[in-house]
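One-letter residues, chain by chain:
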Amino acid sequence: MPRLSLHVPEPRFRPGDTVDFAEVEIPAAGAARRPDTGAAPRDFAELAYTMVRVLDEQGQAVGPWNPRLAPDTLRRMLRDMVRLRAFDERMFRAQRQGKTSFYMKALGEEAVAIAAAHALDAEDMCFPSYRQQGLLIARGCPLVDMMNQIYSNTGDKLGGKQLPIMYSEKRFGFFSISGNLTTQYPQAVGWAMASAAKGDSRIAAVWCGEGSTAEGDFHSACTFAAVYRAPVVMNIVNNQWAISSFSGFAGAESTTFAARGIGYGIASLRVDGNDALAVYAATQWAAERARTNAGPTLIEHFTYRAEGHSTSDDPSQYRSAGEPTAWPLGDPIRRLKDHLIAISEWDEDRHAAQDRELAEEVKAAQKEAEKNGILGHGLHQPLDSLFDGVFEEMPWHLREQRAQMLAEEEASGRPWARK
């Protein structure tokens, strides 16, 4: 009998390698058909294996998925994407300066959250992963409030109890971010089922990374979503990398991530995640399916994580430095900018002026937030509030622990024992 061998996935490029993405299949823009939103998922299964694209190489919007957005809407989307990139850059530098402990950029993935936010209704509930801060920016969350949370300062409405960038914003339909992978998937499906059971009109949208689809929560959520036809848009952000392992460990070598929905009978799309118009169109289509009781949709956003996983990560240790610039789908901001220029609704001078304006806006917000303190300067919340916000009535053993903690702090002479 032949000896068995175990296949261990291996990325194509390692540090020092020359990058060649020639094997990545990029269908022509406009080639994918757009089925009716009421069609049965089995009737368009091929859309899980191709790619929905709208913007072509000349910056023109083509094909049946073209959402035909007004220029003002396109400019608002572009502005939000530029604002997100400026926000990320300043907060990244703040972490490097010791002002906060942790940060995660969305560099190269701005279209995934921004375009989706513009396609969804403001009342729809979003269950994000930790790289969808663009949802908050597009929905108008004050930058100062976001920065207060990152700094865990006196203005942090979460009381310093969350890791920086793990926002929670009921005002903007933004569910609390969890550091545990994919917990938001069953939460989103459950919320959507409740909305349907109550006869509400709001739908849910949820995001996770491609690696998280290997988690059990993802598959449990798919089962419930399919069985109960939950009004939910399920997004997989396939940015090719987890913190140090590539997408092959989650199954990318075998098939697409969108194809995971087919076995559950869920409508499945694979989308050019760096094409803001394609993301908008796919989200709008999926939202219409959800609102008309046609069931859930699974969308794989094919994109690339241009920066490290987080400020705790050094991607130069495990991937080629040439990958981000060689990625064949380009930069989402540049592509939307080029489209607006191609239709004579924008120009390079206005874009440069907008870059400067938004950089100054973010800088001013940072100065305002830092008036409330920065994480690097110690505790900014009353120490005894550490136990608040968990139980409606604190149980006896936590009361004892709190009393013990405060007694030890007072005995130590540290100034924040009862700040």
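Predicted model, so just to flag it, every value in this text is computed and none were measured.

> Give a description of the overall build of the protein that names residues and reports values.
Helices and strands together make up the secondary structure of the protein, namely eleven helices and five strands. Put simply, the protein has 419 residues, and 51% of those count as buried. Once local pairs closer than 6 in sequence are excluded, the contacts in the protein between residues at least 24 apart make up 74%. For the protein, the exposed surface amounts to about 18,900 Å²; the carbon and sulfur share of it is 50%. Between the averaged position of the 46 positive side-chain charges in the protein and that of its 55 negative side-chain charges there is a distance of 2 Å.

> Could you give me a rundown of the nonpolar core, with the residues and numbers involved?
By size, the foremost hydrophobic cluster in this structure holds 79 residues, and its most contacted members are Trp 65, Phe 87, Ile 165, Tyr 167 and Trp 207. Those residues in contact with Tyr 167 that lie beyond four places of it in its chain are Phe 87, Tyr 103, Gln 133, Leu 136, Met 146, Gln 149, Ile 150, Leu 158, Phe 174, Phe 175, Ser 176 and Ile 177. One finds Val 189, Ala 204, Cys 208 and Ala 221 within the second-largest nonpolar core, a separate group that totals 21 residues.

> Could you give an account of helix 9 (residues 332-342), with specific residues and numbers?
Given 3.6 residues per helical turn, the α-helix brings residues three or four places apart onto the same face. By the burial criterion, the buried members of helix 9 are Pro 332, Ile 333, Arg 335, Leu 336, Lys 337, His 339 and Leu 340. In this structure, the buried side of helix 9 is in contact with helix 1 (71-96), helix 2 (110-119), strand 4 (267-272), helix 7 (276-291) and helix 10 (348-370). Capping the start of helix 9 is the job of one residue whose side-chain oxygen sits 2.8 Å from the backbone nitrogen of Ile 333: Asp 331. Ser 344 lies just past helix 9 and shows a positive phi near 60°.

> Tell me what's going on with the packing of helix 1 against helix 9, and back it up with residues and numbers.
Helix 9 packs onto helix 1 with a crossing angle of 155° between their chain directions and a minimal axis gap of 10 Å. Here helix 1 is positioned roughly antiparallel relative to helix 9, judged by the angle of their axes. The crossing of helix 1 and helix 9 is left-handed. Contacts between helix 1 and helix 9 pair Pro 71, Leu 74, Arg 75, Met 77, Leu 78, Met 81, Val 82 and Arg 85 from the former with Pro 332, Ile 333, Leu 336, Lys 337, His 339 and Leu 340 from the latter. Here the contact of helix 1 with helix 9 is built from residues that sort into ten nonpolar, one polar and three charged.

> Pulling in residues and values, what's your account of the environment of Asn 148?
Position of Asn 148 relative to the elements: it lies in helix 4 (residues 143-151). The class of Asn 148 is buried, set by a relative accessible area of 4%. For Asn 148, the residues in contact, after removing those within four places along its chain, are Asn 153, Gly 155, Asp 156, Ala 369 and Asn 372. Within the structure, Asn 148 has its side chain in polar contact with the side chain of Asn 372 (distance 3.1 Å).

> Lay out unusual backbone geometry in plain terms, naming residues and giving numbers.
Peptide bonds are trans in most cases, and residues, glycine excluded, mostly fall at negative phi. A positive phi is found at Arg 68, a non-glycine position, where the angle reads about 50°. Positionally, Arg 68 belongs in the segment before helix 1. Given a relative accessible area of 64%, Arg 68 falls into the exposed group. Even without a glycine there, the phi angle at Thr 182 is positive, about 70°. Checked against the element boundaries, Thr 182 lands in the loop between helix 4 and helix 5 (184-197).

> So what's going on with helix 5? Residues and values would help.
With 14 residues, helix 5 ought to run about 20 Å at 1.5 Å a step, and its terminal C-alpha atoms sit 20 Å apart, in line with that. On the buried face of helix 5, the contacting elements are strand 1 (125-127), strand 2 (204-209), helix 6 (216-228), strand 3 (232-238) and strand 5 (297-302). Count one or two residues on from helix 5 and you reach Gly 199, which has phi positive near 75°.

Criteria and thresholds
- Residues numbered from 1 in each chain as written.
- Predicted model: local features only at pLDDT ≥ 70, side-chain atom pairs only at ≥ 80, totals over all residues.
- Heavy atoms only, no water.
- Helix = DSSP H or I, 4+ residues; strand = E, 2+ residues; numbered from the N terminus.
- Buried < 20%, exposed > 50% of the residue type's maximum accessible area, 1.4 Å probe, protein only.
- Contact = heavy atoms within 4.5 Å.
- Areas by Shrake-Rupley, 256 points an atom, 1.4 Å probe, with all protein chains shown as cover.
- Lys, Arg positive; Asp, Glu negative; His and termini not counted.
- Charge placed at Lys NZ, Arg CZ, Asp CG, Glu CD.
- Core = buried A, V, L, I, M, F, W, Y, C linked by side-chain atoms within 4.5 Å.
- Polar contact = N/O pair within 3.5 Å; in protein donor to acceptor, adjacent residues only side chain to side chain.
- Axes fitted to C-alpha atoms, helices over the stretch in contact; angles between N-to-C directions.
- Parallel < 35°, antiparallel > 145°, perpendicular 65-115°, else oblique.
- Left-handed = near helix turned anticlockwise from the far one by under 90°.
- Nonpolar A, V, L, I, M, F, W, Y, C, P; charged D, E, K, R; others polar.
- Expected span 1.5 Å × (residues − 1).

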